[in-house]
Amino acid sequence: MRLCVYLLEGRGLGVKESYYVKLKIGKYKSKSRVLKSSENSIWNEEFVFRVCDLDDELTVSVYRYDDRDHGLFGNSGGEFVGRVRIPVWSVAAEENRNLPPTWFSVERPKSVKFIDNDCDVGKLLLSLSLHGGDQDHSNESKLTSSNDSHSSRKIGESKHLMKSLAGRLEKLLHKKDEIPTTSDNSSSEVSAAASDHEDSAPEPSETSSTFEESIELVKSTNGNNETPENLPGGILLDQTFGVSAKDLNKFLFAPNSDFMTNLAELQGTTDIHGEPWKLISEEGGKSCLRRVVTYTKAATKLVKAVKATEEQTYIMANNNNEFAIHVIVSTPDVPYGNTFKVELLYKIIPGGGLMSSSSGEESARLVVSWAVNFSQQTMMKGMIEGGARQGLKESFDQFSSLLSQRFKVVKDISDKDQMLANLETEHKSCLELAVQYFWNFTVVSTVFMLLYILVHIFLCGSHELRGLEFGGLDLPDSFGEIITCAVLVLQLERVYYMILYFVEATLRRENDHGIKARGDGWVLTVALIEGANLASTNSTEMPDPYVVFTCNGKTKTSSVKLQTLDPQWNEILEFDAVEEPPSVLDLEVFDFDGPFDQVSSLGHAEINFLKHTSAELADLWVPLDGKLAQSCQSKLHLRIFLDNNNGVETIRDYLANLGKEVGKKMNLRSPHRNSTFQKHFGLPPEEFLVSDFSCSLKRKMPLQGRLFLSARIVGFYANLFGHKTRFFFLWEDIEDIRVLPPSLASVGSPLLEIILHKGRGLDSRHGAKVLDEQGRLHFYFHSFVSFNAASRTIMALWRTRTLEPDQKAEIEEDERDGDGGKAFLLEESGPHFVVEDAKMTKVYTMELPLNIKSLMKMFEGGELEHKVMSKSGCLNYVTATWENVTSEVQERRVCYKFSHRISIFGGEVNSTQQKSTLPNDNGWIVNEIMTLQNVPFGDHFRVQFRYQIEKSSFAHNSCKCDLYIGLMWLKNTKFEPRITKNVIGMFTRRSQEILQLVEREILLTCQ
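Residues numbered from 1 in each chain as written. Predicted model: local features only at pLDDT ≥ 70, side-chain atom pairs only at ≥ 80, totals over all residues. Heavy atoms only, no water.

A word on the overall build of the protein chain
Let me state the cut-off plainly: Labels follow the DSSP assignment, with helices taken as runs of H or I lasting at least four residues and strands as runs of E lasting at least two, numbered in each case from the N terminus. Using a 1.4 Å probe on the protein chains alone, a residue whose accessible area is under 20% of its type maximum counts as buried, one over 50% counts as exposed, and one in between counts as partly exposed. It only takes one pair of heavy atoms within 4.5 Å for two residues to be counted as in contact. In this description, accessible areas are obtained by the Shrake-Rupley approach with a 1.4 Å probe, and a residue is regarded as covered only by the protein chains that are shown.
From N to C terminus, the protein chain includes 21 helices and 43 strands. Out of the 1007 residues belonging to the protein chain, those deemed buried represent 45%. If you take every contact in the protein chain between residues at least 6 apart in sequence, the share linking residues at least 24 apart comes to 63%. Here the protein chain displays about 53700 Å² of accessible surface, and carbon together with sulfur accounts for 52% of that area.

Considering the environment of G722
Here G722 lies in the loop between β28 (713-720) and β29 (723-730). Residue class for G722 comes out partly exposed when judged on its relative accessible area of 24%. Spatially, the C-alpha atoms of G722 and T378 are 9.6 Å apart, while their sequence positions differ by 344 residues.

Structural notes on the pattern of salt bridges
Spelled out, the test is: Throughout this description, the term salt bridge denotes a Lys or Arg side-chain nitrogen within 4 Å of a carboxyl oxygen of Asp or Glu.
Summed over the entire model, instances satisfying the criterion amount to 28 salt bridges. For D397, the salt bridge identified is with K393, shortest N-O distance 3.6 Å. With a gap of four residues between them, D397 and K393 both fall in helix α8 (residues 381-406), about one helical turn apart. Note on D397: relative accessible area 43%, which makes it partly exposed. On the accessibility criterion, K393 (41% relative accessible area) is partly exposed. With a shortest N-O distance of 2.5 Å, R776 and E735 are connected by a salt bridge. Placement of R776 in the loop between β32 (770-771) and β33 (777-782) and of E735 in strand β30 (residues 734-740) is noted, with a sequence separation of 41 residues between them. Owing to a relative accessible area of 32%, E735 belongs among the partly exposed residues under this scheme.

Observations regarding the pairing of strand β6 (residues 79-87)
Consecutive side chains of a regular strand alternate in pointing toward one face of the sheet and then the other. This is how the line gets drawn: Should DSSP find at least two bridges between two strands, the strands are regarded as paired.
Most of β6 is tucked away: eight of the nine residues are buried. Alignment of strand β5 (residues 57-65) against β6, held across eight bridges, turns out to be antiparallel. Pairing of V62 across the sheet is with G82, part of β6.

Some remarks on helix α11 (residues 441-460)
In plain terms, the rule: How far a helix is expected to stretch is found by multiplying one less than its residue total by 1.5 Å.
Between its first and last C-alpha, α11 extends 28 Å over 20 residues, near the 28 Å set by a 1.5 Å rise per residue. Residues T442, V443, S445 and T446 constitute the buried set of α11.

What to know about the packing of helix α7 (residues 259-267) against α8
Heads up, the rule is: Helix axes use the C-alpha atoms of the stretch in contact, all axes being lines fitted to C-alpha atoms, and the angles between their N-to-C directions lie in the range 0 to 180 degrees. Any angle that falls under 35 degrees is termed roughly parallel, while one over 145 is termed roughly antiparallel, one within 65 to 115 roughly perpendicular, and all others oblique. Left-handed describes a crossing whose near helix is turned anticlockwise from the far helix by less than a right angle; the clockwise case is right-handed.
For the pair α7 and α8, the least separation of the axes is 10 Å and the interaxial angle reads 130°. On the basis of the axis angle, α7 is oblique to α8. Two packed elements cross with a definite hand, and for α7 against α8 that hand is right-handed. Counted together, F259, N262, L263, L266 and Q267 of α7 and S395, Q398, F399, L402 and L403 of α8 form the full contact between these two elements.

Digging into the sheet that holds strand β18 (residues 522-532)
With antiparallel pairing, four strands are arranged side by side in an open sheet as β21-β18-β25-β24. Two strands in the sheet have a free side with no partner beyond their single neighbour: β21 (568-578) and β24 (620-623). Across this sheet, the average inter-strand angle for adjacent strands is 30°, counted without regard to direction. Here β18 runs beside β21; their pairing, made up of seven bridges, is antiparallel. When the bridges of β21 are listed, L528 appears paired with E571.

Description of a nonpolar patch on the surface
What counts is decided by this rule: Residues forming no salt bridge and having over 30% relative accessible area are the ones grouped into patches, like charges within 9 Å of each other and nonpolar side chains (Val, Leu, Ile, Met, Phe, Trp, Tyr) within 5 Å.
On the surface, V447, L450, L451, L454, I457 and L492 cluster together into a nonpolar patch covering about 510 Å² of accessible area. Tracing the chain through its elements places L451 in helix α11.

Here we look at helix α6 (residues 245-253)
Under the convention used in this document: Here, the arc refers to the directions that run from the helix axis to the C-beta atoms.
Restricting attention to buried positions, one finds in α6 the residues A245, L248, N249, F251, L252 and F253. End-on view of α6: buried residues confined to an arc of 165°, all on one side of the axis.

A closer look at the sheet that holds strand β20 (residues 554-557)
Sheets are built from strands paired through backbone hydrogen bonds, the pairs being either parallel or antiparallel. Across the sheet, which stays open at both edges, the four strands sit in the order β20-β19-β22-β23 with antiparallel pairing between neighbours. Edge positions in the sheet fall to β20 and β23 (600-608), since each has one partner strand and no second. Strand after strand, the sheet turns through a mean of 20° between neighbouring axes, direction not considered. Two elements, strand β22 (residues 584-591) and β23, share eight bridges in a ladder whose sense is antiparallel.

Quick notes on unusual backbone geometry
One non-glycine residue, N570, lies in the positive phi region at around 55°. When you line up the elements, N570 lands in strand β21. One non-glycine residue, S783, adopts positive backbone phi at about 60°. Mapped onto the secondary structure, S783 falls in the loop between β33 and α17 (787-802). When its relative accessible area of 25% is taken as the criterion, S783 is described as partly exposed.

Describing the packing of aromatic side chains
Here is the rule we go by: Ring pairs are drawn from Phe, Tyr and Trp, using the six-membered ring of Trp, whenever the two centres fall within 6.5 Å, and their geometry is named by plane angle: stacked under 30 degrees, edge-to-face over 60, tilted for the rest.
The tally for this structure, following the rule as stated, stands at 35 aromatic pairs. Arranged with centres 6.5 Å apart and planes meeting at 50°, the rings of F898 and F987 form a pair that is tilted. Residue F898 is located in strand β39 (residues 890-898), and its partner F987 is located in helix α21 (residues 976-1006); the two are separated by 89 residues in the primary sequence. Of the two residues, F898 and F987, neither departs from the other in class, the shared state being buried.

A look at the nonpolar core
Counted only if it meets this: In this description, a nonpolar core means a group of buried Ala, Val, Leu, Ile, Met, Phe, Trp, Tyr and Cys residues linked to one another through side-chain atoms lying within 4.5 Å.
Counting residues in each nonpolar core, the largest one holds 56 residues, and the members touching the most others are L248, L252, L344, Y346, L366, F399 and L403. The contact partners of Y346, leaving out residues within four places of it in the chain, are F253, F323, A324, I325, V327, L366, V367, V368, F396 and F399. If you look at the next biggest cluster of nonpolar residues, it comprises 41 residues, including L855, F859, M869 and I949.

Quick look at the packing of helix α15 (residues 648-662) against α17
Each pair of packed helices can be summarised by the angle the axes make with each other and by the distance between the axes. The cut-off we apply is this: Amino acid classes used here: Ala, Val, Leu, Ile, Met, Phe, Trp, Tyr, Cys and Pro are nonpolar; Asp, Glu, Lys and Arg are charged; the rest, including Gly, are polar.
Running from amino to carboxyl end, α15 crosses α17 at an angle of 120°, the nearest separation of the two axes being 9 Å. One element, α15, and the other, α17, form an angle in the oblique class. Between α15 and α17 lies a crossing whose hand is right-handed. Between α15, through Y654, L658, E661 and V662, and α17, the contact on the second element is made entirely by R792, T793, A796, L797, R799 and T800. Considering only residue class, the contact of α15 with α17 consists of five nonpolar, two polar and three charged.

Let's talk about the side chain of S90
What counts, and what does not: Here a polar contact is taken to be a pair of N or O atoms separated by no more than 3.5 Å, where protein atoms must pair a possible hydrogen donor with a possible acceptor and residues adjacent in sequence count only if both atoms sit in side chains.
Looking at where S90 falls in the secondary structure, it is placed in helix α1 (residues 88-92). Note on S90: relative accessible area 17%, which makes it buried. In terms of polar contacts, S90 uses its side chain to reach the backbone carbonyl oxygen of P87, at 2.6 Å.

Geometric descriptors of this kind do not, in isolation, establish any biological role.
Here it is as structure tokens:
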């Protein structure tokens, strides 16, 4: 058997010099380190002895330490002070063979000289634990079989021991007798130890106080440790309760707490056995509490009832009442249970800051995170993590429910107005700022010199003319006067520029502070609190900083703070509502040098809303980038709030507008689908899924997964036998999107290539195929179920995010202005068509040896039309029947796809054709409005054709066809001339080819 002895603390030992402790059991001895004299001394040392007989006795002796006694001829034993004797059988008789931390009185011999004769008897705080080996069962049987001996001895001696201890205490307190000598019989010594333990162990309140004392010991040795980071698996519970952190810690982990029992009844857990907390000494003089809890988990549909073991360790307990308990859960009986262990981290911290109860009472925040630690590699890793996640989620839902029945749950303050109300909104008046700014040596010395000269002029009066002076011209009479005048002029010039500078800075003090946001949608509110350690571009002067915020192409500017490195703003800036949620907020700090001078940057930063939770954004210190800022460790204190003031209607309007771009109706996704999407990529709750497509990611080996599209990101997720691949990047990171033709590597499927801007999306580089010489990442996606639908949606979302707000407003205004002057033909599933003539250009005239009736068969939807269009490269050619719009005008719809021979992008065509007769029935006019889809910039323009077919004047039974082509631009682009030239050239050649095919087919039919 092994006896573990924990020497924790000593009190009132009454030794003037340093001292140490010797421990002995049988023939085994050990010694503690030497401590200097103090009222309370802490050892926190652990000793392990081999025990062969339960009748052995542990002797703990205290000795005085003197450097003179440890020289070459000194006595190395030291002077004996007192001892404590504890029989081993008293430890073995305890529950679980563990004696909790207990104060034992130190018995002193008569020869010991006390510093103060009135001092109390010294005490030692000891904890003992007996661990059995091969002799456990034999010793237990010995205890059982010798019940009449040891048990009867305990029962018989207990009264005697209590009386003996009471008598001894009475003698000590009333000074009636001397302290017993070391030659007293062992029974009296045992009685002191045993009775002291009996006073402290049986009562539950004493057990609770022992736990609290142990916590205090851990606090005293660990100091103010930092709170550990959450485990990587995620957060299982994050709630604030209306109770102090100290009481919540005691309620959850104290040995006599009934919370574990109630939770076990709720979850069906049985056979709970918890060891008492043990104080463990670590390196560096630190200590921690540890215990082991075993229980049997209830059976589920998939797993039978299994035994689980938890090793709970206090890894942090500091003076701020912050606690961290690390739990390792092992379940070897479950499938693959020997390959992994589940880790939990309980963090209990005092509530405060942004979390507070409405009643103003104390609160504590409980955060539970988890992770799975694999000791062996296994292909079932993903399944194990998924099962553990699901099981822990259900378990801690019950945990939270039970805890909320005992303590009130404190909600987060969600009203940003209440949080911003704490800001100091009062600003200094212009007079106070002027006094602060102008109270310096330059201004004071200039004013003094000016007053001095004015007084001098007043006292001197008039004087006679000298040298070259004449009436009205008074020249300096010495070089000293010249220097004085020059200094005064320079000083006055400098003060003049300071006044001008102060006026300019004051005029722009309140540029955007306090201006409320307008409109419905996503509103971004930024509270600029303060700055710290800002850099200065001039070593002799302090900066005059102000901050410029940029989001979605809009900017907001703070006021200028004069001559400070640690400015205090306390300003609130609001951006006008937008349709889609913003992704990033750019900020840059400038040094104000006047409205027309070149500004100097003091640092910049970018805040990605997708990488921060709302709680983090609500109180955020942002480090600034830049050489100057990084050298000074500059940072800004911000509070950022992103709100949707129109609720779900904002999302519906966004999807409706997006549907017009895509050409199909976009619907809201289910909450479950949105939640799954957010968990895949760790996104904030306001992110909503727009669409998703099954596809393959092209790398060295194709990886099948799913492409997720939201209003702010493009994300890819794949799970292959538990190996997960996930990444995402912002729409703003994309520089270009290209459609590549099918290849053997893409299994005959077109590829969608996404190219990011230089230096962007580096977090997702593991999914990129190529990093080009310019530092841009290239992503390739293929094998879409519907490539046209996927590419059309991606292009529409990209255009929506990359267009500037001014461009969007201009397009919307043009559309509204065009409602009255242009006629629109609407189709529920198709785009808008305009029948008003665009700027038409006559591209060619062709004489055909056909009559008009034969040529018009090309527009009748019959066999000839389908055959010709198929040969010209049209796929899936579909026509509708002609319908009468008016008595003279007929109309029909045509749709088809371009083959890759015509366009490498493929592309879909939707056309509206109208035909009417020429005056005197001399021929026909066919107007066509064509909409191109899945073609770059296809949504920027419409193509309009006019076929004018009439009788030829050169030959009988022949006709002439004039073709006019024009482009009607819906959106502005700098590529407009190039696109116009390319489109008109292509459709000119194509129309000629079609007419030639018609001529050939009709002539062959006639033969």
